[in-house]
Amino acid sequence: MLRMVIILIVLNFYNPALTSIKEDIISKMQFTNNLSFNFIQTVDDKSENGLCIVEYPKKIWCEYEGINKKIIVSNGRSLVIKTSNKGSYYIYPLNKTPLEYLLDKKYLISKIQMLEPKDTDGKYLHFKIFENNNKIRIFFDKKSLNLIGWQTEDIYQNLSVTFISSVKINQKIDEKKFKLPKNN
């Protein structure tokens, strides 16, 4: 009887399906050098959309649609937010933003290896990461295991949700995209 209880306990803690899913997600991430995608980002009930290119490690270029034609660029060290219609820009150290973690593939893989995926609505899997007062959730499609977005909450409890679509992996990218804009 004791042997049967031990076997049941071991089987409850070991779920090969989730282990396999996690390994498949990690494998896909290891293969990915860059991503280009459309996005919809919602911050405090305000939504914006546009196009992004991510190149690992830690580079991003995003162009927002709309009047401001906002551009976000990271060269791996700094993050610049520029509005085209005003010509002004703001520069931040990348390591002071949640993007520091989202743009670091090795970091994400190391965290995914330690965490268990959570099911969301039977359609998505997500991993919850807490790092330096940032709460980050990374979402993957349950069937394709492709990255489909993320959610961040910073120290001030600002919630930002980014949904990505039309993802293309390992495309040829113009490296000039990641040059920080100059002040006009």
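No experiment lies behind these values; they were computed from the predicted model shown.

## A look at helix H4 (residues 105-114)
- Those residues of H4 that fall on the buried side of the exposure criterion are Lys 105, Tyr 107, Leu 108, Ile 109, Lys 111 and Ile 112.
- Taking the backbone nitrogen of Lys 106 as reference, a side-chain oxygen 3.3 Å away marks Asp 104 as the first, capping residue of H4.

## Considerations on the state of the cysteines
- For the structure on display, the rule yields one disulfide.
- The side chain of Cys 52 participates in a disulfide bridge whose partner is Cys 62; the two sulfur atoms lie 1.8 Å from each other. Judged by the torsion about the S-S bond (105°), the Cys 52/Cys 62 disulfide is right-handed. Highlighted residues: Cys 52 in strand S2 (residues 46-55) and Cys 62 in strand S3 (residues 59-64), separated in sequence by 10 residues. When sorted by exposure, Cys 52 lands in the same class as Cys 62, which is buried.

## Let's talk about the pairing of S2
- Here 10 bridges tie strand S1 (residues 34-43) to S2, and the two strands are oriented antiparallel to one another. Within S2, the position partnered with Gln 41 by the bridge is Glu 48.
- Connecting S1 to the antiparallel partner S2 that follows it, the hairpin turn spans two residues, and Asp 44 within it adopts a positive phi of roughly 50°.
- Judged from the six bridges that link them, S2 and S3 form a sheet pairing that is antiparallel. Each bridged residue has a counterpart across the sheet, and for Val 54 the counterpart in S3 is Ile 60.

What counts and what doesn't
Residues numbered from 1 in each chain as written. Predicted model: local features only at pLDDT ≥ 70, side-chain atom pairs only at ≥ 80, totals over all residues. Heavy atoms only, no water. Buried < 20%, exposed > 50% of the residue type's maximum accessible area, 1.4 Å probe, protein only. Helix = DSSP H or I, 4+ residues; strand = E, 2+ residues; numbered from the N terminus. Polar contact = N/O pair within 3.5 Å; in protein donor to acceptor, adjacent residues only side chain to side chain. Disulfide = S-S within 2.5 Å. Pairing = 2+ DSSP bridges.

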